Amino acid sequence: MTQFLSSLPGAVAQGIIWGIMAIGVFITFKILDIPDLTVDGSFSTGGAVLVTTVTAGLNVWAALLLAFAAGCAAGFVTGTFHTKFGIPAILAGILTQLALYSINLRILGGLANMPLSYRNFSLLLSLSDIPRALIVGGLFAVVVIALLYWFFGTEVGHALRATGCNQMMARANGVNTNITKMAGIVISNGIVALAGALLAQYQGFTDINMGRGAIVIGLAAVIIGEVLFSRIFHNFALRLLSAVIGGVVYYCVITLVLRLGLNANDLKLLTALVVAVFLGIPYWQRQFTGGKVKIDPSAQGGDANA
Amino acid sequence: MLEIRDLYKVFNAGTVNEKMALSGLNLTLEDSDFVTVIGGNGAGKSTMLNMISGVFPSDAGKILLDDIDITNMREHRRAKYLGRVFQDPMMGTAATMSIEENLAMAFRRTRRRGLAWGVKHDEKQRYREVVASLGLGLEDRMTTKVGLLSGGQRQAITLLMATLQKPKLLLLDEHTAALDPKTAAKVLELTETFIQKEKLTTLMITHNMKDALRLGNRIIMMHNGRIIFEAAGEEKEKLTVADLLKMFEKASGGEFANDRMLLT
């Protein structure tokens, strides 16, 4: 137990970083209603860009900005596949994710992983100084939440929310839904890459497989946050915060079950099952209560059109 | 003024399910015309509205709105000219957004969106007033998510949204069909008030022939993708439901194609 408690601060720090990634997932999954699988690739992209550019001598802030931009670019590709090629969003994300594997390898100069020691470079956070990592991670989370809170309160932000909720309504009110979807996917992946860049600094290396399963961890964080706080957090900023807390809870639970003796190799299996069950709960609730079924906004009203 | 010239639309062209939804439709609406549209299932009524609002592209023909050619204009671009209310009360509003946010979306239909606040402070009071004019008591629930409202309330809000910026043309696609009779009557009453107050040019599809006769200054009957009968002014006033049914029977080859028309 003391071992668990002593590893808790590290779990929280890591949870905050994954929680920032979960905010990116929140934008696509919750606001746009698009499960975007690009994040598995763009999370690694963020780490790869940061490590290579910092190693090459770039300032860490500039490197973070580049990582963010690289994530945005990845999102732009998925958005283009989806809105210009007409590829279903899930498949578009899978295609980009696959392509990013090659691109990430190129960024890393063909290496599967690359070290980045806090001893040789001035980094923002590192697991060697966990209190500092907690503060830096927390500040990043707060700034990202504040910026998104502002953005989703603007006219463009409203257009994005309307697109995710009811595309027919959005278009009838003059919204180009292709552009709003694109914008949402771009911003989401930018944030995910930023989180990847933070994690690379924290753990002191980046790995080509760093983002594998990121979407599932992101969903887990979003869902845990929702289960815990949906009754008390209604404000948009608080809902984003609940995703970050969801990430923290997720990492604390993972740390606990590992301490309790779970084989680390079985971790992804466990995560996937937990997320599947939580995604199933609202569906089962509807089945039992016979409650309202969500009406597909793309369905046509009136007479048969064909 | 709306002008539809020789409009054609074929669904599933080249397959066994090929369906000529509009075949050479011609229709002109003068400013502040209120036209009711009737016809059986598959007559092309909804297709006509969807063509005007740009949901699908047309195969041939032209649509002009105040001399602007909107035939090939993208749906979100022509949205600034049009007010739309759909049959499904869920379709016209965003359920996860509040009443005032929905109205703010509609208010910005005619302009480019930027990074200014989505609902400005001074707008809120204005929206409160227009919502109060519905007489549904919703003005005290301006920050309530629209998804929590009833179908009738949502349809009333949609109507408000469609007319918040005066549209060149109001399109109503059986917008009371999914409501219970009492709510339907209330929404229809609101519709009439809005149209009269702003002198809106309106196309209203309905399956209720009494409503089709009672409302508006013109009536058109569609069959197989074109207009087979129309009446305006006094001629329309004199029409009865029995006349319409007879006409419909003749057009559809002696049989009623649509049970719903009998029920009205």
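Quantities reported herein were computed from a predicted structural model and do not represent experimental measurements. (Residues numbered from 1 in each chain as written. Chains lettered and ligands numbered in written order. Predicted model: local features only at pLDDT ≥ 70, side-chain atom pairs only at ≥ 80, totals over all residues. Heavy atoms only, no water.)

Observations regarding the environment of B:Arg74
Put simply, the test is: Strands are runs of DSSP state E lasting at least 2 residues, helices are runs of H or I lasting at least 4, and numbering of each runs from the N terminus. Each residue is assigned to one of three classes by its accessible area relative to the maximum for its type, calculated with a 1.4 Å probe on protein chains only: buried under 20%, partly exposed between the two thresholds, exposed over 50%. Pairs of residues are marked as contacts when any of their non-hydrogen atoms sit within 4.5 Å.
With respect to the element layout, B:Arg74 can be found in the loop between β5 (68–69) and α2 (75–78). Relative accessible area serves as the criterion here: at 44%, B:Arg74 is assigned to the partly exposed category. Distance from B:Arg74 to B:Ala106, taken between C-alpha atoms, is 18 Å for residues 32 residues apart in sequence. Other than its neighbours up to four places away in sequence, B:Arg74 contacts A:Asn176 and A:Asn178.

Focus on the packing of helix α1 (residues 2–31) of chain A against helix α5 (residues 130–151) of chain A
All names here are of chain A. Rules: Every axis in this analysis is a line fitted to C-alpha atoms, fitted for helices over the stretch in contact. Angles between the N-to-C directions lie between 0 and 180 degrees. Geometric relationships in this document are graded by angle, where less than 35 degrees denotes roughly parallel, more than 145 denotes roughly antiparallel, 65 to 115 denotes roughly perpendicular, and other angles denote oblique. A clockwise turn of the near helix away from the far one marks a right-handed crossing, whereas an anticlockwise turn of less than a right angle marks a left-handed crossing. When residue character is reported, Ala, Val, Leu, Ile, Met, Phe, Trp, Tyr, Cys and Pro are called nonpolar, Asp, Glu, Lys and Arg charged, and the others, Gly included, polar.
Two elements in contact, α1 and α5, have axes whose closest approach is 8 Å; the angle formed by their N-to-C orientations is 15°. Here α1 is positioned roughly parallel relative to α5, judged by the angle of their axes. Both α1 and α5 take part in a crossing whose hand is left-handed. For the pair α1 and α5, the contacting residues are Pro9, Gly10, Val12, Ala13, Ile16, Ile20, Ile23 and Ile27 in the first and Ile130, Ala133, Leu134, Gly137, Gly138, Phe140, Ala141, Val144, Ile145 and Leu148 in the second. Partitioning the contact of α1 with α5 into residue classes produces 15 nonpolar, three polar and no charged.

A short note on the sheet that holds β5(B)
Residue and element names in this part refer to chain B. What counts here: Criterion used throughout: strands pair if DSSP finds at least two bridges between them.
One open sheet accounts for four strands, arranged β2-β1-β4-β5; its pairing is antiparallel. Strands at the two margins of the open sheet, each flanked by one partner only, are β2 (19–29) and β5. When strand β1 (residues 2–11) meets strand β4 (residues 60–65), the two strands line up antiparallel, connected through five bridges. Opposite leucine 2, over in β4, you have leucine 65 as the bridge partner.

Topic: the interface of chain B and chain A
For interface size, the figure often reported is the accessible area lost on association. Spelled out, the test is: What gets called buried area is simply the loss in accessible area from a 1.4 Å probe that two parts show on being joined, summed for both. By convention in these notes, a salt bridge is any Lys or Arg side-chain nitrogen within 4 Å of a carboxyl oxygen on Asp or Glu. In protein, a polar contact requires one atom able to donate a hydrogen and another able to accept it; more generally it is a pair of N or O atoms within 3.5 Å, and residues adjacent in sequence count only if both atoms are side-chain atoms.
In this complex, chain B contributes 46 residues to the contact, which on the side of chain A involves 31 residues. Overall, the association of chain B and chain A removes approximately 3,200 Å² of surface from exposure, summing both partners, and the carbon and sulfur fraction of that is 57%. Run the count over chain B and chain A and you get three salt bridges. Put simply, B:Glu75 and A:Arg171 hold a salt bridge, and the shortest N to O gap is 2.9 Å. Between the two partners, chain B and chain A, sit twelve residue pairs in polar contact (both at pLDDT 80 or more). Its residues placed into classes, the side of chain B that touches chain A shows 17 nonpolar, 16 polar and 13 charged.

Let's talk about the packing of aromatic side chains
Centre-to-centre distance and the angle between the planes together describe a pair of aromatic rings. All names here are of chain A. Put simply, the rule is: When two rings of Phe, Tyr or Trp (its six-membered ring) have centres within 6.5 Å they constitute a pair, described as stacked for plane angles under 30 degrees, edge-to-face for angles over 60, and tilted for the intermediate range.
Counted by the stated rule, this structure contains twelve aromatic pairs over all chains. Centroid distance tryptophan 18 to tyrosine 251: 6.1 Å. Interplanar angle 20°. Geometry classified as stacked. Taken together, the positions of tryptophan 18 in helix α1 and tyrosine 251 in helix α10 (residues 236–259) put the pair 233 residues apart, joining distant regions of the chain. Between tyrosine 250 and tyrosine 251 the ring centres are 5.3 Å apart and the planes differ by 80°, which places this aromatic pair in the edge-to-face class. The structure contains a cluster of three or more aromatic residues connected by ring pairs, namely Phe26, Trp150, Phe151, Phe152 and Phe236.

Quick look at helix α5 (residues 151–164) of chain B
The α-helix advances 3.6 residues per turn, and as a result positions three or four apart in sequence lie on the same side. Convention followed: The length a helix should cover is 1.5 Å for every residue beyond the first.
The terminal C-alpha atoms of α5(B) lie 20 Å apart, and with 14 residues this matches the ideal 20 Å at 1.5 Å per residue to within 8%. The buried fraction of α5(B) amounts to 13 of the 14 residues, a majority that puts the element mostly inside the structure.

Thoughts on the pattern of salt bridges
On inspection of all chains with the given rule, the structure shows 15 salt bridges over all chains. Residue B:Glu101 pairs with A:Arg161 through a salt bridge whose shortest N-O separation is 3.0 Å. You can see B:Glu101 sitting in helix α3 (residues 99–107) and its partner A:Arg161 sitting in helix α6 (residues 155–165), one on each of two chains. Considered together, B:Glu101 and A:Arg161 belong to a single accessibility category, that of buried residues. With a shortest N-O distance of 3.3 Å, B:Arg128 and B:Asp140 are connected by a salt bridge.

Observations regarding the side chain of B:Arg113
Which entries qualify depends on this criterion: Neither His nor the chain ends is counted toward charge; the positive residues are Lys and Arg and the negative residues Asp and Glu.
By the element assignment, B:Arg113 lies in the loop between α3 and α4 (121–132). In this structure B:Arg113 is buried but unpaired, with A:Glu155 as the nearest side chain of opposite charge at 6.3 Å. Side-chain polar atoms of B:Arg113 contact the backbone oxygen of A:Asn173, separated by 3.1 Å. At a separation of 2.9 Å, a polar atom in the side chain of B:Arg113 contacts the main-chain carbonyl oxygen of B:Met105. B:Arg113 has contacts with A:Glu155, A:Val156, A:Ala159, A:Asn173, A:Gly174, A:Val175, B:Met105 and B:Arg108, leaving out every residue within four places of it along the chain.

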